Amino acid sequence: MWGLQRETSSMYKRTSSRDYSPMLDVEDSSGVLENEVNSELETTNPSWKCSLPHVLVATISSFLFGYHLGVVNEPLESISSDLGFSGDTLAEGLVVSVCLGGAFIGSLFSGGVADGLGRRRAFQLCALPMILGAFVSGVSNSLAVMLLGRFLVGTGMGLGPPVAALYVTEVSPAFVRGTYGSFIQIATCLGLMAALFIGIPVHNIPGWWRVCFWLSMIPAAVLALGMFLCAESPQWLFKQGKIAEAEAEFERLLGGSHVKTAMSELHKLDLDRTDEPDVVSISELLYGRHSRVVFIGSTLFALQQLSGINAVFYFSSTVFKSAGVPSDLGNIFVGVSNLLGSVIAMVLMDKVGRKLLLLWSFIGMAVAMALQVGATSSYLPHFSALCLSVGGTLVFVLTFALGAGPVPGLLLPEIFPSRIRAKAMAFCMSVHWVINFFVGLLFLRLLEQLGPRLLYSMFSTFCLMAVMFVKRNVIETKGKTLQEIEISLLAKP
């Protein structure tokens, strides 16, 4: 199918790269009509069908991310029993959380890998530790081997999300970039739900937890092999000086009539950046020309984690059990709410915009946390308190998936200039994993010392802080090309 697209698009006579400089061409009168027709073609949206297969392959990494987040939830009891650490809560916690350490390491290197090897090879490199780690976890006969496998999987989990966000943003047409960006969140939800359903037989079939790990090797292999057929990011190729290859990939992704416009915008940005060094350092991200957008990105990811989403996910089973709902059914309710919110976000992302979805999302999350606070009141009847608690949990997950979950991963690659995009995403994802780790580490202790009412009030306050931060700092990127966004940001003082 992709080969056919390449053959069809090659009918378009590609203009040489020197013709893409942002200067007005002088044409004789016989070419006026032809230019007008070409201009009309370029102002129409490119076909979304050209880029869709490439985006779908890339989102397999997000499916794997979600799958490995949830793969040990159901089988953990069986794993601990078979490997001889049953009842050791520290060891069980390590099996669950060692992925976070690997993910942090992977995210640190994701920018250098994506810039040095390209987006496609970065995906393939992400798949390798996931395949190896899943195999090691499945054959493990001790806690140490299990932790090694989980750590290897974690490195792939840390490398995958930032590269997926980069790739989907760079290969998607502007008018569907928000919709395609939502595929990442939907794929993560599907991965979580797949892990839940695949883990159901674990209590009835001895050793089924090993199959749960081994099954994940299949989509990881599909990702690694599928990337051989996918387009490379034209922005990355252009940065490497591979102009003809960038043109060819634009032709595959957008269609022949849109190549000239896309290349012209890249050349204009290249002229604006002639005084900037090629190497991006940490000091430049923190103190340089683009430090403000890096600050916005890091703060968005920090507020996303400080909103309490992990606390809700970790303890949703407890909430449902107290209401008399089995944990399996409660997990399904949470998964469906997460998926429903992600689908709504996909539909609305390119209609109402990123900023409005973020505002709605954080406001809804603050209200949901307020419901959780109300559920702790001693003045409410027990049944009413349970309804508020369950309702608050589901509303929180739904509204999180509506904006705070999918938007930061889409918005940040849009507002980061192409020269720093990969390194800046790596930095922001590292902030994400650090905050994620500390929230998970301190939540139980804070819950014991502060109590649920005060702790949930703090989470609600962070959500309201996020509303104010988004309103003051986040720009709308709906319907704009990456080059248009970068030019508009460069024009600001």
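The chain appears in an unreviewed UniProt entry as Probable plastidic glucose transporter 2 from Camelina sativa. Looking at the chain in UniProt, the text filed under Sequence similarities (unreviewed entry) is "Belongs to the major facilitator superfamily. Sugar transporter (TC 2.A.1.1) family." In its Subcellular location (unreviewed entry) section, UniProt records this for the chain: "Membrane".

**Things to note about the overall build of the chain**
The secondary structure content of the chain amounts to 24 helices and zero strands. Sorting the 493 residues of the chain into buried and exposed places 53% on the buried side. A separation threshold of at least 6 residues defines the contact pool for the chain, and within that pool the share at least 24 residues apart is 83%. Accessible surface, the chain: about 21,500 Å² in total, of which carbon and sulfur atoms supply 67%.

**Details of helix α4 (residues 60-70)**
Across the eleven residues of α4, nine count as buried, placing the element largely inside the fold. Taken together, the buried positions of α4 are Ile-60, Ser-61, Ser-62, Leu-64, Phe-65, Gly-66, Tyr-67, His-68 and Gly-70.

**Section: the packing of aromatic side chains**
In this structure the tally under the stated criterion is seven aromatic pairs. Ring geometry for Phe-63 and Tyr-67: centres 6.4 Å apart, planes at 25 degrees, overall stacked. Of the two residues, Phe-63 and Tyr-67 are both situated in helix α4; the distance of four residues between them amounts to about one turn of the helix. Judged by its relative accessible area of 25%, Phe-63 is partly exposed. Judged by centre distance (6.2 Å) and plane angle (85 degrees), the rings of Trp-209 and Phe-213 are edge-to-face. Here the residue Trp-209 and the residue Phe-213 both occupy positions in helix α10 (residues 208-215), the gap between them amounting to four residues, near one helical turn.

**Some thoughts on the pattern of salt bridges**
For the structure on display, the rule yields eight salt bridges. With a shortest N-O distance of 2.9 Å, Glu-170 and Arg-119 are connected by a salt bridge. In this pair, Glu-170 sits in helix α8 (residues 143-171) while Arg-119 sits in helix α7 (residues 119-139), placing the two residues 51 residues apart along the sequence. Accessibility classification places Glu-170 together with Arg-119 in one group, the buried group. Three or more residues are tied together by salt bridges with common partners; here these are Asp-115, Arg-119, Glu-170, Lys-239 and Arg-421.

**Section: the confidence of the model for the chain**
Of all residues in the chain, 86% have pLDDT values of 70 or greater, and the mean over the chain is 83. Mean pLDDT across the elements of the chain ranges from a minimum in helix α1 (residues 2-9), with 43, to a maximum in helix α11 (residues 217-226), with 96. Within the model, the stretch residues 3-42 combines pLDDT values under 50 with 40 contacts to residues more than four positions away or in other chains.

What counts and how
Residues numbered from 1 in each chain as written. Predicted model: local features only at pLDDT ≥ 70, side-chain atom pairs only at ≥ 80, totals over all residues. Heavy atoms only, no water. UniProt positions renumbered as here; feature names shortened; annotations may be inferred. Helix = DSSP H or I, 4+ residues; strand = E, 2+ residues; numbered from the N terminus. Buried < 20%, exposed > 50% of the residue type's maximum accessible area, 1.4 Å probe, protein only. Contact = heavy atoms within 4.5 Å. Areas by Shrake-Rupley, 256 points an atom, 1.4 Å probe, with all protein chains shown as cover. Phe/Tyr/Trp six-rings, centres within 6.5 Å; stacked < 30°, edge-to-face > 60°. Salt bridge = Lys/Arg side-chain N within 4 Å of Asp/Glu carboxyl O. pLDDT = per-residue confidence, 0-100.

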